[in-house]
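If you want the building blocks of each chain, they are given just below.
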Amino acid sequence: MMKKTICTAVLLALIVVVLAAVAYWYLGLRSTAPLRPARIPEAPVSLSSPTPSVESLREMMRGANVVICVLDAMRADHVGAYGYPRETTPNIDALAEEALIFENHFCQYPQTSPSTASLFTSQYPDTHGTGVQRPGTDTLQMLNPSTFTLESGLKTAGYHTLIFTSNPAAAPALGLGADFDVQVTPRGRARDPNWRRPEQLVKEIEAKLKGGSDTPFFAYAHFLPPHYPYDAPDEMKALLARQDPPEMWQAKAPFKPALHKSEAERAPRSRKKWINLYDANLRWGDWAVGALVKFLKEQGVYDNTLLIITSDHGEALREHQYEWHATCPFDEAIHIPLIVKFPGNGGPVGRVGALTQTIDVAPTILDLFGVPWPEDSVQGKSLVPLLTGEAEEINKYIICRTGGDYPAYVVRDQRSALFLYHRAQARALYDLTTDSLQTTNVAETQPDRAAELAKVFVAFAQRQKYPPLDFVDPEYQPTLAPAGPGATIPAETRRKLRALGYVD
Ligand SMILES: [Zn+2]
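Keep in mind the model is a prediction, meaning the values are calculated, not measured.

Here we look at the overall build of the chain
Broken down by element type, the chain carries 15 helices and 15 strands. Burial status across the chain gives 57% buried among its 504 residues. Once local pairs closer than 6 in sequence are excluded, the contacts in the chain between residues at least 24 apart make up 73%. Entry remark: accessible area of the chain is about 20700 Å², with carbon and sulfur atoms responsible for 55%.

Quick look at the coordination of the zinc ion
Donor atoms from the polypeptide that bind the zinc ion are Asp72 (OD), Asp72 (OD), Thr112 (OG1), Asp312 (OD) and His313 (NE2), placed at 2.0 to 2.8 Å. Counting along the primary sequence, the residues that act as donors to the zinc ion give the motif D-x39-T-x199-D-H. Of this pair, Asp72 sits in the loop between strand E2 (65–71) and helix H3 (90–96) while His313 sits in the loop between strand E7 (305–310) and strand E8 (316–317), and the two are 241 residues apart along the sequence.

Some details on the pairing of strand E10 (residues 338–341)
Residues Leu338 and Val340 of E10 are buried on one face, and the alternating residues Ile339 and Lys341, pointing to the opposite face, are buried as well. Two elements, strand E3 (residues 100–106) and E10, share three bridges in a ladder whose sense is antiparallel. Residue pairing for E10: Leu100 is matched across the bridge by Val340. Alignment of E7 against E10, held across four bridges, turns out to be antiparallel. By the bridge assignment, Thr310 is partnered in E10 with Leu338.

Observations concerning the nonpolar core
Within soluble globular proteins, side chains that are nonpolar tend to cluster in buried spots. In this structure, Ile68, Phe218, Tyr220, Leu306, Phe342, Ile365 and Phe369 are the most contacted members of the largest nonpolar core, which totals 42 residues. Ranked by residue count, the leading element in this core is helix H12 (residues 361–368), at five residues. In this structure, Val79, Val202, Phe217 and Phe223 belong to the second largest nonpolar core, which totals 39 residues.

What to know about the confidence of the model for the chain
Detail in the predicted coordinates should be disregarded across regions flagged by low pLDDT. The predicted model of the chain has a mean per-residue pLDDT of 86, with 84% of residues at 70 or higher. Taken together, the stretch residues 22–34 has pLDDT below 50 and engages in 26 contacts with residues farther than four places along the chain or on a different chain. A low-confidence stretch, residues 482–488 stays under pLDDT 50, and its non-local contacts, those more than four residues away or across chains, total seven contacts.

Here we look at the sheet that holds E3
What the nine strands build is an open sheet, ordered E1-E11-E3-E10-E7-E2-E6-E4-E5; its pairing is mixed. Two strands close off the open sheet at either side, each with one partner strand: strand E1 (45–47) and strand E5 (182–184). Adjacent strand axes in the sheet meet at a mean angle of 15°, parallel and antiparallel pairs treated alike. In this structure, strand E4 (residues 160–165) lies alongside E5, joined through three bridges in parallel fashion. Residue pairing across strands places Leu162 opposite Val182, the latter belonging to E5.

Points about the sheet that holds strand E15 (residues 427–431)
With respect to topology, four strands assemble into an open sheet ordered E12-E13-E14-E15, the strand pairing being antiparallel. Edge strands, defined here as strands with exactly one partner in the open sheet, are strand E12 (398–401) and E15. For this sheet the average axis-to-axis angle between neighbouring strands, irrespective of direction, equals 15°. By the bridge criterion, four bridges tie E12 to strand E13 (residues 408–412) in an arrangement that is antiparallel. Bridge pairing in E13 links Arg401 to Tyr409.

Looking at helix H4 (residues 112–121)
With respect to burial, H4 is a largely interior element, 10 of its 10 residues being buried. Residues of H4 that are buried: Thr112, Ser113, Pro114, Ser115, Thr116, Ala117, Ser118, Leu119, Phe120 and Thr121. Residues of H4 that are buried sit in contact with E2, helix H5 (125–128), helix H6 (150–156), E4, strand E6 (217–223) and H12. Of the residues flanking the end of H4, it is Ser122, one or two places downstream, whose phi is positive at about 60°.

Quick notes on the rules
Residues numbered from 1 in each chain as written. Predicted model: local features only at pLDDT ≥ 70, side-chain atom pairs only at ≥ 80, totals over all residues. Heavy atoms only, no water. Helix = DSSP H or I, 4+ residues; strand = E, 2+ residues; numbered from the N terminus. Buried < 20%, exposed > 50% of the residue type's maximum accessible area, 1.4 Å probe, protein only. Contact = heavy atoms within 4.5 Å. Areas by Shrake-Rupley, 256 points an atom, 1.4 Å probe, with all protein chains shown as cover. Donors = N, O, S within 2.8 Å, 3.2 Å for Na, K, Ca; no water. Pairing = 2+ DSSP bridges. Core = buried A, V, L, I, M, F, W, Y, C linked by side-chain atoms within 4.5 Å. pLDDT = per-residue confidence, 0-100. Axes fitted to C-alpha atoms, helices over the stretch in contact; angles between N-to-C directions.

This is the structure:
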């Protein structure tokens, strides 16, 4: 009897050990040391080339082409040039060696449509309104066609403008890119699996740009990978299959994210498998960058082109319980690459640690080309003063909004990130000086810092066309009717915000 009990106990213990080992291996629960999250820079700007003057930059840009290449859902910390140890991005890394790498660059909204609208218009999502998911409604706004855009600014300056996109969420159907001269989009072909392949888009680009022209061009190319679906070529998947990814950690979110059912179904339960598939897709997107560079060189226009590599948002791989991107306020979904290669060999090369954001890209390009922009429409800032040594800081804070049923606003500087969840349901503060992975909410222990950033948010909210004050006041009723310039906070809301320390 005794022997039988011991046998059963040993058998049970063995089963537990085997199950634990399977969970450890399959679910990828191991926590390895983090690599390079967004971090406090040693210097705001560190150039290995001489510091240029504004005049020399404008001279360099005379008659140059502009190409913006977006890899959808490319998070910065999975890119080699940003410290990832895997060979996910050999072509981007090679380009980055002769370019400027913006190390602390963030999107305005971790979802394709609102983020792309911010790139084109240099407006925050609560001003352009495009594709913003508002709780309790499925209605999405299109971009107002009268809004000033980067492409309209460059068109006025004599540029031939072309948009190539394989993501229907970044296409003229939502008003995005409707003012480009040439539009190559998946309209009507979105269900064609070939259409989302980078090889297809590269073909379209080559067909339209082959032979060159006397007019300088602005081409916007939006490739779907590393975004889902994960159908990278088998040889790219094979490079990483069954390997342990170098970076896996898990922490709790302050507010349990609600996953869309379809999203939850598509995310592989094994984190290891998921990260390997994501990295293989990133490698596929990087292939497109290599193909584009090769084509520009073959056409003899590479040395006369300002080439910008960036993304619309990152991707949450369950680090903070979030999956995918649109609802996640953590760095994995909002910290994105920005790499700028100037024409020829004499442009600035190095790393920029200062905070930058998506809405800064358009005014930076226009500034480099000496093209004016309407101050009352453009909310971003030119980053040129960082390059010429005139400024060490352009943005004291970056501000980002998320979507879904429980959206959040992020107010982030180099030291802290404050999350304000919709209708003040929760708020969280992360001390980035000691906790770059954002694992511990210190809102209670650092109330002054939280209050300081909350005030920044309220001041920001009042400057938006649709003031998002419902993130600090549960009763505030936002309206989609434009509030007009100089929108004011209703007296009752102001009283409540004062009591909470959000306004003076
Ligand atoms: Zn996207």
